[in-house]
Amino acid sequence: LKKDLMRHGVEFNFSEGYLKKTGANAILTEAGRTIEYGKLINCAGLYADKIANDFNFGLKYTILPFKGMYLKYVYEDKPVKMNIYPVPDIKNPFLGVHYTVTVDNAIKIGPTAMPAFWRENYDFSHNFDIKELLPVLTYAGWLFVKNSFGFRDLAFREMLKYSRKHFICLAEKLVRRIDASGFKEWSKPGIRAQLLDKENLELVQDFVVSGDKNSVHILNAVSPAFTSSFPFTRWVVENHV
């Protein structure tokens, strides 16, 4: 895909984060480079709200990060052939523990939906930022006290998943049989960029795309699957670009 895009003149600049807006149609990167554009599309995930705020969009929202951890099945047999999901709980914006069969036929169970302490809290030290920790703790604390959308109950359920035995037990209920001892390896966690409405303290469960003739900001893509979905991309382009 990258090669196809490069053949069409697309330029890639990795490890060069957005720093700030510098003019009507220009931004400054962390590398000190000014990039001019005809139209900017902000799909920065965990930092989409911060960029949108620079353009005066999404001011009522903030990203509340949730960490998803997975356990990988290490045995050679393949008892699960396809993705398997539990019946959804409409009060809960998360899918719950389910089976994922990856492109290399590995079997994973997960994810958890534990509140992360900062936006890139992949482990105990990765990109730690005290300026992100404080608002996350503040908003999570308010949600916990108010039990908005059952947040306190959700938090208690998710804490139980720190027990590997409990985590595996939830997955066992979805299949007739599987060797639970095969789930031995933690795979790389992911962090969901979940949008929070600061005014009513509710997790947003629908798409949120804002913008004008100069910029488009994808603030909430509902599910990580949509962040790599061509139909969603097509919808953004056809309706907002």
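Residues numbered from 1 in each chain as written. Predicted model: local features only at pLDDT ≥ 70, side-chain atom pairs only at ≥ 80, totals over all residues. Heavy atoms only, no water.

Draft legend 1. Fine view of the overall build of the protein chain. Looking only at helices and strands, the protein chain has six helices and twelve strands in total. For 241 residues, the compact-globule estimate of 2.2 N^0.38 gives 18 Å, and the C-alpha radius of gyration of the protein chain, at 20 Å, lies within 12% of that figure. Across its three principal axes, the protein chain shows a C-alpha extent of roughly 60 × 50 × 35 Å. Expressed as a percentage of the 241 residues in the protein chain, the buried residues total 38%. Partitioning the intrachain contacts of the protein chain with sequence separation of at least 6 by distance along the chain shows that 61% fall at a separation of at least 24. Where the 32 positive side-chain charges of the protein chain centre and where its 26 negative ones centre are 4 Å apart. (Helix = DSSP H or I, 4+ residues; strand = E, 2+ residues; numbered from the N terminus. Rg over C-alpha atoms; globule rule 2.2 N^0.38 Å. Buried < 20%, exposed > 50% of the residue type's maximum accessible area, 1.4 Å probe, protein only. Contact = heavy atoms within 4.5 Å. Lys, Arg positive; Asp, Glu negative; His and termini not counted. Charge placed at Lys NZ, Arg CZ, Asp CG, Glu CD.)

Draft legend 2. Looking closely at the pattern of salt bridges. Overall, the coordinates contain six salt bridges when judged by the stated rule. Across the pair glutamate 16 and arginine 33 runs a salt bridge, and its minimum N-O distance is 2.9 Å. With glutamate 16 in the loop between helix 1 (2–7) and strand 1 (18–23) and arginine 33 in the loop between strand 2 (26–29) and strand 3 (34–36), this residue pair connects regions lying 17 residues apart in the sequence. Across the pair glutamate 158 and lysine 161 runs a salt bridge whose closest N-O atoms are separated by 2.7 Å. A relative accessible area of 7% means that lysine 161 is categorised as buried. Within this structure, Glu11, Glu16 and Arg33 form a network of salt bridges that share partners. (Salt bridge = Lys/Arg side-chain N within 4 Å of Asp/Glu carboxyl O.)

Draft legend 3. A look at the sheet that holds strand 3. Judged by pairing direction, the sheet is antiparallel, and its three strands sit side by side in the order 1-2-3 without closing on themselves. Of all strands in the sheet, those bounded by a partner on one side alone are strand 1 and strand 3. With direction set aside, neighbouring strand axes in the sheet form an average angle of 30°. Note that strand 1 and strand 2 share four bridges and pair antiparallel. By the bridge assignment, lysine 20 is partnered in strand 2 with leucine 28. (Pairing = 2+ DSSP bridges. Axes fitted to C-alpha atoms, helices over the stretch in contact; angles between N-to-C directions.)

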